[in-house]
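Commentary on secondary and tertiary structure
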Amino acid sequence: MKILASVFLGLLLASPVFGYEDDIETDLNEVYVINVTDEATTLDRDYYYNFGRVGLFEERRATFFLRNNSGLPMYINDFDLSGPPAFDYAENCPQILFRGQQCRIRVFFQPRTVGLKRAELEIELTPQEDIVLNLRGRGVLRY
């Protein structure tokens, strides 16, 4: 019996272990890259994303990669989301993004009421100019 227990324990410890972050990783239907360079001359860099028609309490998401293609390190000071609670975001950005590095920003839209919704996600940067993601989506009833 001791031999059987030892064999079972050995097989258990030798088994590969699989890990995953979450289900969000598997659905990357909408992926966009925001390249930050030294050539920007506007006060704010505006980007627009429309989630389209989304059923109430359903979730749609988009992934943005913020890439530093400038010659200087980029300091990410803050993320400010303004708008209804139908919008949310998650990011894995460090405070300093060095040349050639990138980080991920996921934006979520889950309407709780019917109608058009708008929001802005402002990414405050130094020394580069701020980036604004203008978001919109429409909550609809699904039949």
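Only a predicted model underlies this, so the values are computations on that prediction, with no experimental measurement involved.

What follows is about the pattern of salt bridges. A full pass over the atoms with the stated rule returns two salt bridges. One salt bridge connects glutamate 58 with arginine 142, and the closest N-O pair in it is separated by 3.6 Å. Residue glutamate 58 is found in the loop between strand S2 (44–55) and strand S3 (60–68), and its partner arginine 142 is found in the segment after strand S9 (130–140); the two are separated by 84 residues along the sequence. Notably, a salt bridge pairs glutamate 59 with arginine 61, separated by 2.7 Å at the nearest N-O pair. Residue classification places glutamate 59 among the partly exposed residues on the basis of a relative accessible area of 41%.

This next bit is on the packing of aromatic side chains. Across all of its chains, the model carries eight aromatic pairs by this definition. Through pairs of rings, three or more aromatic residues link up here, namely Tyr32, Tyr49, Phe51, Phe64, Phe87 and Phe109.

The subject of this paragraph is the environment of aspartate 88. Mapped onto the secondary structure, aspartate 88 falls in strand S5 (residues 87–91). Expressed as a C-alpha distance, the spacing of aspartate 88 and arginine 106, which sit 18 residues apart in the sequence, is 8.4 Å. When sequence neighbours within four positions are dropped, the list of residues in contact with aspartate 88 reads Leu81, Arg106, Val107 and Phe108.

Right, let's talk about unusual backbone geometry for a bit. Of note, the bond from threonine 126 into proline 127 is cis; its omega dihedral lies within 30 degrees of zero at -5°. With respect to the helices, strands and loops of the structure, proline 127 is situated in the loop between strand S8 (115–126) and S9. Here the phi dihedral of phenylalanine 57 falls at roughly 65°; this positive angle occurs in a residue that is not glycine. Within the fold, phenylalanine 57 resides in the loop between S2 and S3.

Before going further, it helps to examine the sheet that holds S5. Sheet strands pair by backbone hydrogen bonding; their relative direction is either parallel or antiparallel. With respect to topology, four strands assemble into an open sheet ordered S1-S3-S7-S5, the strand pairing being mixed. The strands lining the two open edges of the sheet, one partner per strand, are strand S1 (31–36) and S5. The mean angle between the axes of side-by-side strands here comes to 25°, regardless of whether they run parallel or antiparallel. Two strands pair when backbone bridges link them, and S1 and S3 are joined in this way by six bridges, in the parallel orientation. Across the sheet, the residue bridging to valine 36 is asparagine 68, located in S3.

The rules we used
Residues numbered from 1 in each chain as written. Predicted model: local features only at pLDDT ≥ 70, side-chain atom pairs only at ≥ 80, totals over all residues. Heavy atoms only, no water. Salt bridge = Lys/Arg side-chain N within 4 Å of Asp/Glu carboxyl O. Helix = DSSP H or I, 4+ residues; strand = E, 2+ residues; numbered from the N terminus. Buried < 20%, exposed > 50% of the residue type's maximum accessible area, 1.4 Å probe, protein only. Phe/Tyr/Trp six-rings, centres within 6.5 Å; stacked < 30°, edge-to-face > 60°. Contact = heavy atoms within 4.5 Å. Pairing = 2+ DSSP bridges. Axes fitted to C-alpha atoms, helices over the stretch in contact; angles between N-to-C directions.

From the geometry alone we can't say anything about function, so treat these as descriptive.
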